[in-house]
Amino acid sequence: MSEWTRWHEAYDVPGSALAVRLGIVIRRVAEALDGRAPGPVRLVSMCAGQGRDVAGALDGHPRRADVTGRLVELDADNAAVARDLLAGTALEVVRGDAGDSAAYAGAVPADVVLVCGVFGNITDDDIRATIAALPELCAAGARVIWTRHRRAPDVTAGIRRWFAEAGFREVAFDSPGELEIGVGVHELAVPPRPHTGPRRLFTFVPRAPRG
């Protein structure tokens, strides 16, 4: 079992930071689906892990059958779990490098983009570069749901500013209690940009997984 598979075990601990964060992300994804016009809704998830957030949002949701798209996850065990959880949906789980923009070819522009469990594992420069590239992955008015822990140094204020600089308006920012978690929702407020040729968006920093 990989460290990334073991990391998911905290989701099963009631009241843990990851369990609380998961609940918030599920709610925010469901809200994003609610807000889309009738018809197909395309979703993309970077570093999707086991896909629990997407599966949880779709469970019983009236727009479930409308949702298509792609989850990108490098870890083979986590990708297999995600495929099981999302069986019966129109979503594909692709084992690949989410930091390579080529992983999203054919799956964008998306109406809902998840960047969860990413920003806590890459450099600040890569966070900013990834945010700057998101208009290439987004459809008009798309919502991006992202997470970042708030342990020192807390860079969530900078992340929110970088989203604004990239043409997004803030819809919500959740950081409950003393759990040191942050969940943001930003909506694209400028015209989307075409998805350009493959390039490196981010690279994970070698260390224990962080949110």
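These lines cover the structure that appears in this document, whether it is placed above or below. (Residues numbered from 1 in each chain as written. Predicted model: local features only at pLDDT ≥ 70, side-chain atom pairs only at ≥ 80, totals over all residues. Heavy atoms only, no water.)

Section: the packing of aromatic side chains
Put simply, the test is: Stacked, edge-to-face and tilted are the three classes for Phe, Tyr and Trp ring pairs, Trp counted by its six-membered ring, which pair at centre distances within 6.5 Å; planes under 30 degrees apart are stacked, over 60 edge-to-face, the rest tilted. The helix count covers DSSP runs of H or I at least four residues long, the strand count covers runs of E at least two residues long, and both are numbered beginning at the N terminus. When a residue's accessible area, from a 1.4 Å probe over protein chains only, is under 20% of the maximum for its type it is buried; when over 50% it is exposed; and in between it is partly exposed. Charge-over-ring contacts are defined here by two conditions on Lys NZ or Arg CZ: a distance within 6 Å of the ring centre and an angle within 35 degrees of the ring normal.
Evaluated as defined, the whole model comprises 5 aromatic pairs. Residues Trp-146 and Phe-163 carry aromatic rings whose centres are separated by 5.8 Å and whose planes lie at 15° to one another, so their mutual orientation is stacked. Remark: Phe-163 occurs in helix α6 (residues 156–165) and Trp-146 occurs in strand β5 (residues 138–149); sequence separation between them is 17 residues. One exposure class covers both Trp-146 and Phe-163, and it is buried. Each member of the aromatic cluster is reached from another via a ring pair, and the members are Phe-119, Trp-146, Phe-163, Phe-168 and Phe-173. Across from the ring centre of Phe-173, 4.1 Å away, lies the NZ or CZ of Arg-160, which sits over that ring.

Here's the deal with the pattern of salt bridges
Here is the rule we go by: Here, a salt bridge means any Lys or Arg side-chain nitrogen found within 4 Å of an Asp or Glu carboxyl oxygen.
Applying the stated criterion to the full structure yields 14 salt bridges. Across the pair Arg-193 and Glu-136 runs a salt bridge whose closest N-O atoms are separated by 3.7 Å. Placement of Arg-193 in the segment after β7 (181–188) and of Glu-136 in the loop between α5 (124–133) and β5 is noted, with a sequence separation of 57 residues between them. Exposure remark for Arg-193: the relative accessible area of 37% places this residue in the partly exposed category. Accessibility expressed as a relative area gives 8% for Glu-136, which makes it buried. Linked by salt bridges that have partners in common, Arg-27, Arg-28, Glu-31 and Asp-174 make up one network.

Observations regarding helix α4 (residues 76–85)
Stated precisely, the cut-off is as follows: The arc in question is the one spanned by the directions pointing from the helix axis to the C-beta atoms. Identification of polar contacts relies on pairs of N or O atoms within 3.5 Å, with a donor-acceptor requirement for protein atoms, meaning one able to donate a hydrogen and the other able to accept it, and with residues adjacent in sequence counted only if both atoms are side-chain atoms.
Within the span of α4, buried status applies to Asn-78, Ala-79 and Ala-82. All buried residues of α4 fall inside an arc of 100° around its axis, so they share one side. The backbone nitrogen of Asp-77 lies 3.1 Å from a side-chain oxygen of the residue at the head of α4, namely Asp-75.

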